[in-house]
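Examination of the molecular architecture
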Amino acid sequence: MRIMVAEYAVGEGIHEFTPEGRAMLRTLVRSFASCGHEVFYPTAGTQLDEGAGIRAEDFEESITRISKQCDAGLIIAPDEILGDLTELVEENTVNLGCPADSVRLCADKLKCTSILSQEKIPVPETIESGEYKGDYVIKPRSGCASDGIHRSVSGRLKEGFIATQFIEGEHLSVSIITGRTQLPLTVNRQLIDINNTISYKGGTVPYYCARNSEIVEIAKKALELLGCRGYAGVDIVLGDRPYVVDVNPRPTTSIIGISRVIGTEIADLILKSRFGELPHKVDVNGSFTFKKDELFRL
């Protein structure tokens, strides 16, 4: 098959995020190539050892052009634009990621939280406008990663921002591939730096604790409710309960470690989620820890 893998930072040449984006892109391109597929990716300059880099003057235009020539495609991009980019892929080829409508739902943090709360999924208390007082995390209503996120005890929300209750606990994520069935891959520990700002510093894959089964079941239910397919990640703070704090409808940075510890190619699982049947489980051997500021070495 001819597969397009498009990663925003590499495609747009955004140097601040290129190490993280390049590491994810390289993981996926290498895996698809190892499975015997031709892989194409838009790039503003970065070239990988495998796959064919297609020069991208405009990321959106490149996705449209490349996807028309491929049998399937997968996009990694900021959540606020991922829905529109996914729709382009859906118009031209088989989308290996979450459906565009699901992506847009996950990107709207207020709507996403409301849906999960109505279905009894533990989520932080959320304030959508006006003043707040207490221990809250202030974040864009639409967005991804840790951009614009900070901690505050009082204030008035700016337009486009929400306040979510700060939960004390372990910062984890769950990586799951969904097709006709759901295949949990790993629970991961997130390395989070919390001061006035909150920033992601890396992770450990996998992470085991006595409550892993409970954490995985919460994540599976969240993805089912939001209509996610393909590879997705659920961010969880494990306090008195596993609180879902974010849903990422796309490959996440944890895929860098997951690809190193599971006993099968991640690309094969992604393809099976769309074209075949997923296995009941994957073998996980060893562990892998990575730091965000060291990803350029990968």
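Read on for an overview of the structure.

Reading guide: rules and limits
Residues numbered from 1 in each chain as written. Predicted model: local features only at pLDDT ≥ 70, side-chain atom pairs only at ≥ 80, totals over all residues. Heavy atoms only, no water. Helix = DSSP H or I, 4+ residues; strand = E, 2+ residues; numbered from the N terminus. Rg over C-alpha atoms; globule rule 2.2 N^0.38 Å. Areas by Shrake-Rupley, 256 points an atom, 1.4 Å probe, with all protein chains shown as cover. Lys, Arg positive; Asp, Glu negative; His and termini not counted. Charge placed at Lys NZ, Arg CZ, Asp CG, Glu CD. Expected span 1.5 Å × (residues − 1). Buried < 20%, exposed > 50% of the residue type's maximum accessible area, 1.4 Å probe, protein only. Core = buried A, V, L, I, M, F, W, Y, C linked by side-chain atoms within 4.5 Å. Contact = heavy atoms within 4.5 Å. 1 Å grid on protein atoms, 1.4 Å probe; cavity = no way out; pocket = protein on both sides within 12 Å on 5 of 7 lines; lining within 4 Å. Points joined across faces, edges and corners; volume = space filled by probe spheres on them. Pairing = 2+ DSSP bridges. Axes fitted to C-alpha atoms, helices over the stretch in contact; angles between N-to-C directions.

1. A look at the overall build of the protein chain
Within the protein chain, the regular secondary structure consists of nine helices and 15 strands. A globule of 298 residues ought to have a C-alpha radius of gyration of about 19 Å, and the protein chain, at 18 Å, matches this closely. Seen through its C-alpha atoms, the protein chain measures out along the principal axes to roughly 55 × 40 × 35 Å. Here the protein chain displays about 13,300 Å² of accessible surface, and carbon together with sulfur accounts for 45% of that area. Computed over 33 positive and 42 negative side-chain charges, the separation of the two mean positions in the protein chain equals 3 Å.

2. Description of helix 4 (residues 79–92)
Residues that lie three or four places apart on an α-helix share one face, since the helix turns once every 3.6 residues. Between the first and last C-alpha of helix 4 there are 20 Å, a value that for 14 residues agrees with the 20 Å anticipated at 1.5 Å per step. The set of residues buried in helix 4 consists of Asp79, Leu82, Gly83, Leu85, Thr86, Leu88 and Val89.

3. Comments concerning the nonpolar core
Core analysis: the biggest nonpolar cluster contains 40 residues, and Ile63, Ile75, Leu116, Val244 and Val247 have the highest contact counts within it. Sort the elements by how many residues they give to this core and helix 7 (residues 212–226) lands first, with seven residues. Residue contacts for isoleucine 63: discarding those within four places in its chain leaves Met4, Ala6, Ile75, Leu85, Leu88 and Val89. Listed in part, the 37 residues of the second largest apolar core include Ala23, Val261, Val282 and Phe288.

4. So, empty space enclosed by the protein
Here the structure, examined in full by the defined rule, presents two cavities of 30 Å³ or more. In this structure, the largest cavity encloses a volume near 50 Å³. Lining the largest cavity, in full, are Leu74, Ile75, Leu82, Thr86, Asn95, Gly97, Cys98, Val103, Pro249, Arg250 and Pro251. Mapped by element, the contributors of at least two residues to the lining of the largest cavity are strand 4 (72–76) and helix 4.

5. Let's talk about unusual backbone geometry
What you tend to see is this: most non-glycine residues have negative phi, and most peptide bonds are trans. That bond from valine 205 to proline 206 is cis: its omega, -10°, falls within 30 degrees of zero. Relative to the helices and strands, proline 206 is located in the loop between strand 12 (198–205) and helix 7. Of note, the phi angle at lysine 120 is positive, near 70°, even though the residue is not glycine. Here lysine 120 lies in the loop between helix 6 (109–118) and strand 6 (126–127).

6. Topic: the pairing of strand 14 (residues 242–248)
Each regular strand shows side chains that alternate between the opposite faces of the sheet. Among the seven residues that make up strand 14, six are buried, leaving the element largely enclosed by the rest of the structure. Of the pairings in the sheet, the one linking strand 13 (residues 230–238) to strand 14 comprises six bridges and is antiparallel in character. Along strand 14, the bridge assignment pairs valine 237 with tyrosine 243.

7. Brief notes about the sheet that holds strand 12
Taken in spatial order, the six strands make up an open sheet running 14-13-10-11-12-15, and their pairing is antiparallel. Taken across any chain shown, the strands that pair with only one partner, and hence form the sheet edges, are strand 14 and strand 15 (288–291). In this sheet, adjacent strand axes meet at a mean angle of 30° when their direction is disregarded. Those strands touched by helix 9 (residues 266–275) are strand 10 (170–178), strand 11 (182–194) and strand 13, and its axis lies near 60° from that of strand 10.

8. Side note on the environment of alanine 232
By the element assignment, alanine 232 lies in strand 13. Given a relative accessible area of 1%, alanine 232 falls into the buried group. Taking C-alpha positions, alanine 232 is 19 Å from glycine 263, a pair spaced 31 residues apart along the chain. Apart from residues lying up to four places away in sequence, alanine 232 is in contact with Cys98, Val174, Ser175, Ile176, Leu223, Asn248, Pro249 and Arg250.

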